[in-house]
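Coordinate analysis (summary)
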Amino acid sequence: MSKTKNEHNTGGQFLLDSIFDTSIFTREDFSSEHREIYKMVMDFDRERVLSQKEEIEKFDPDLSLSLMKELGELGLLGIDIPEEYGGIDLDKITSAIVAESLVQSPSFAVTWSVQTGIGSLPIVWFGTDEQKQKYLPKIATGELICAYGLTEPSSGSDAMQADTTATLSDDGKHYLINGEKVFITNGGWAGVFIVFARVDGSKFSAFIVENDTEGFTIGREENKLGMKGSSTAQLLFQDAKVPVENLLYEVGKGATIAFNCLNIGRFKLGCSCLGGSKQVISAASVYAQDRKAFGTTISKFDAIRKKIGEMSVRTFATDTMIYRTIGLLQNEIDLIDKDAPNYYINTGEAMGKYAIETSMVKVFGSDCSHWVIDQGLQIFGGYGFLEEYPLAPAYRDDRVNQIWEGTNEINRQIITGFIMKKALNEELPFRDAIRQIDSFLNTKPDVDDTLLAKECDTVESAKKIGLYLFNEALSEFAQDLKNEHQIVEMLSDIFIDIYCAESTIIRVKKIMSSDKPVASTVDIAKVFTTEMVDRILAKTHTILNAVFAGSVSTEAKDTVDKFEERMRLSNNVVQLKRNIAEYVFDQKVYPY
Ligand SMILES: Cc1cc2nc3c(=O)[nH]c(=O)nc-3n(C[C@H](O)[C@H](O)[C@H](O)COP(=O)(O)OP(=O)(O)OC[C@H]3O[C@@H](n4cnc5c(N)ncnc54)[C@H](O)[C@@H]3O)c2cc1C
């Protein structure tokens, strides 16, 4: 497997490093093995899943579970499972590729995603050898389905407030679990559950619970807006007798397990959203070239081209941030000593290092697919509203992506909150970077005539203005900044914009210097960066008005003016979007 060469060594560091010193992993770096797996999964999805999608969506456990076993036979349930426990232990880039490629039935994709992610990784990373031997080989074949039970009726976003308890029995042989879990994906089908509970009412811990455990019942299936072919059930525990050997890792380590696994879950969710967005662009571009209005195909209309152009820009950015992020995580894993006794625990804990970036992938990926599907539905006109056309079910299925794996509100708070933490504990040298802002603004930019040189300088400015706003907000509100949710969300959107723009530009430069340059990717980078400036400047004024309570200081206004002058790009985005759309129409499929 190819490795990334990125120099970043902690989450959030992209804000401080220069775009000129950054290299990233992108899909252009896929190895031949990655490409083969991509094709294999796409073929499987089309031939085995799409052909039976209608049945899957009617909620057919036998069919879904037999398809899971087929995935098991292909090795696709064991990508993250070590070979000694029945898996094939491929790199994390492969996990991302599979998550992106299983797009035909989001219900089936989520069954797979939980099985290979939050349902099994707690055991892979934090289980004992005995636990791994007992469960992982069957999980890898699909004989055993797994699930992850964190959410409770009165604690969702605030998962750490869980009420479920685990009390050691008098003979010390069992934990007696009492409580209720809700919304559990694969809940009705699983043979094994990762369940979080408080030992002695306080120490948040994780347990492996088998479905035939005395005192444990699986509740009813939920009737959902979308994802109707997946299982979502309640779990009820009444003195459920869980053997002590089913404790995962250590008492009190539940949060470590829960959040490190959620980091990769969030990331994979972004991958699914990417696959969905690409599907929609392909379907909408084919439809637009077929559907006629006013005597011509609607693809000729500028309004439709604008949509396809913008949908492609956002999807390209999502794609790029996804593979950049998984490249960073893979680098981190590659640095861990494989022979160390704690290799798997270290791997699990390494996922937390890029929590900022995985939350960015979750937020931007799910906002992107939500918006892309909405635009796609609009392109289909009235037919977009009919169930027999692809956009209506996609619209319903996609909606949950902004809710689960931590709502997008919570993930935006994670992004800004973690950056705040790293600034305050000086894990990232923000102070130095902020001190350099004045000299940056007073130095003439060194923009030559190389490809996207002006856009690169704009990204450098965007990083500086992001830090400037963050510093102003932190100076005004100190620790209370975390409660200023509107500002926190705007800051996190600025950070996401910067990460996406930088990733997009670097990828486009890579594509253009390869032996297969694609000119319209340059248009994509220009559109994204130009519109990023508008988004950031609008938020800049809102944030400063909040920080200065409506009377922004002259000094701050001068600083913003200097930033604006330096950042603004004069690209003709109207024409660029047309160019992008024309290229997509020509290819008849999302082409990047
Ligand atoms: C189909 C489906 C499948 C799921 N699968 C699983 C699963 O397998 N395992 C599992 O454990 N869970 C699962 N969940 C649960 C899911 O993760 C939660 O629904 C989600 O975390 C939100 O929790 P909640 O529903 O309690 O909403 P709440 O926490 O009540 O939030 C309600 C609203 O308030 C906002 N909000 C809450 N707190 C804050 C805050 N501090 N700041 C700003 N806004 C805030 C939220 O963003 C949201 O908009 C699933 C959910 C669904 C719908």
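Here the structure is a predicted model, which means the values were calculated and not measured.

Rules used in this analysis
- Residues numbered from 1 in each chain as written.
- Predicted model: local features only at pLDDT ≥ 70, side-chain atom pairs only at ≥ 80, totals over all residues.
- Heavy atoms only, no water.
- Helix = DSSP H or I, 4+ residues; strand = E, 2+ residues; numbered from the N terminus.
- Expected span 1.5 Å × (residues − 1).
- Buried < 20%, exposed > 50% of the residue type's maximum accessible area, 1.4 Å probe, protein only.
- Phe/Tyr/Trp six-rings, centres within 6.5 Å; stacked < 30°, edge-to-face > 60°.
- Lys NZ or Arg CZ within 6 Å of the ring centre and 35° of its normal.
- pLDDT = per-residue confidence, 0-100.
- Contact = heavy atoms within 4.5 Å.

1. Regarding helix α3 (residues 61–73)
Along an α-helix, residues three or four apart share an orientation, since each turn contains 3.6 residues. Compared with an ideal rise of 1.5 Å per residue, which puts 13 residues at 18 Å, α3 spans 18 Å between its outermost C-alpha atoms and is within 8% of the ideal. Leu63, Ser64, Leu67, Met68, Leu71 and Gly72 are the residues of α3 that are buried. Immediately beyond the C-terminal end of α3, within one or two residues, lies Gly75, with a positive phi of roughly 90 degrees.

2. A short note on the packing of aromatic side chains
The full count for this structure, using the stated rule, is 22 aromatic pairs. Summarising the aromatic geometry, the rings of Phe59 and Trp189 are spaced 5.5 Å apart at their centres and angled 40 degrees between planes, so their arrangement reads as tilted. Pair noted here: Phe59 is in the loop between α2 (53–57) and α3 and Trp189 is in the loop between β3 (174–185) and β4 (192–199), with a separation of 130 residues, a long-range link. According to the relative accessible area criterion, Trp189 is buried, its value standing at 12%. Here Phe196 and Phe204 contribute two aromatic rings whose centre-to-centre distance is 5.7 Å and whose plane-to-plane angle is 10 degrees, an arrangement assigned as stacked. One exposure class covers both Phe196 and Phe204, and it is buried. An aromatic cluster of at least three residues, connected via ring pairs, comprises Tyr287, Phe380, Tyr383 and Tyr389. Over the aromatic face of Tyr38 sits the side chain of Arg27, whose NZ or CZ is 5.4 Å from the ring centroid. When the ring centre of Phe418 is taken as origin, the NZ or CZ atom of Lys421, which lies over that ring, is 5.3 Å away.

3. Some words on unusual backbone geometry
In this structure, Phe59 is a non-glycine residue whose phi angle is positive, near 70 degrees. A positive phi angle, close to 70 degrees, is found at Asn186, a residue other than glycine. Counting through the fold element by element, Asn186 comes out in the loop between β3 and β4. Here Asn186 falls in the buried class, since its relative accessible area comes to 0%.

4. Topic: the confidence of the model for the protein chain
Scored by pLDDT, the protein chain comes out at a mean of 96, with 99% of its residues at no less than 70. Note on residues 1–7: pLDDT is under 50 here. Beyond four places in sequence and across chains, it has 23 contacts.

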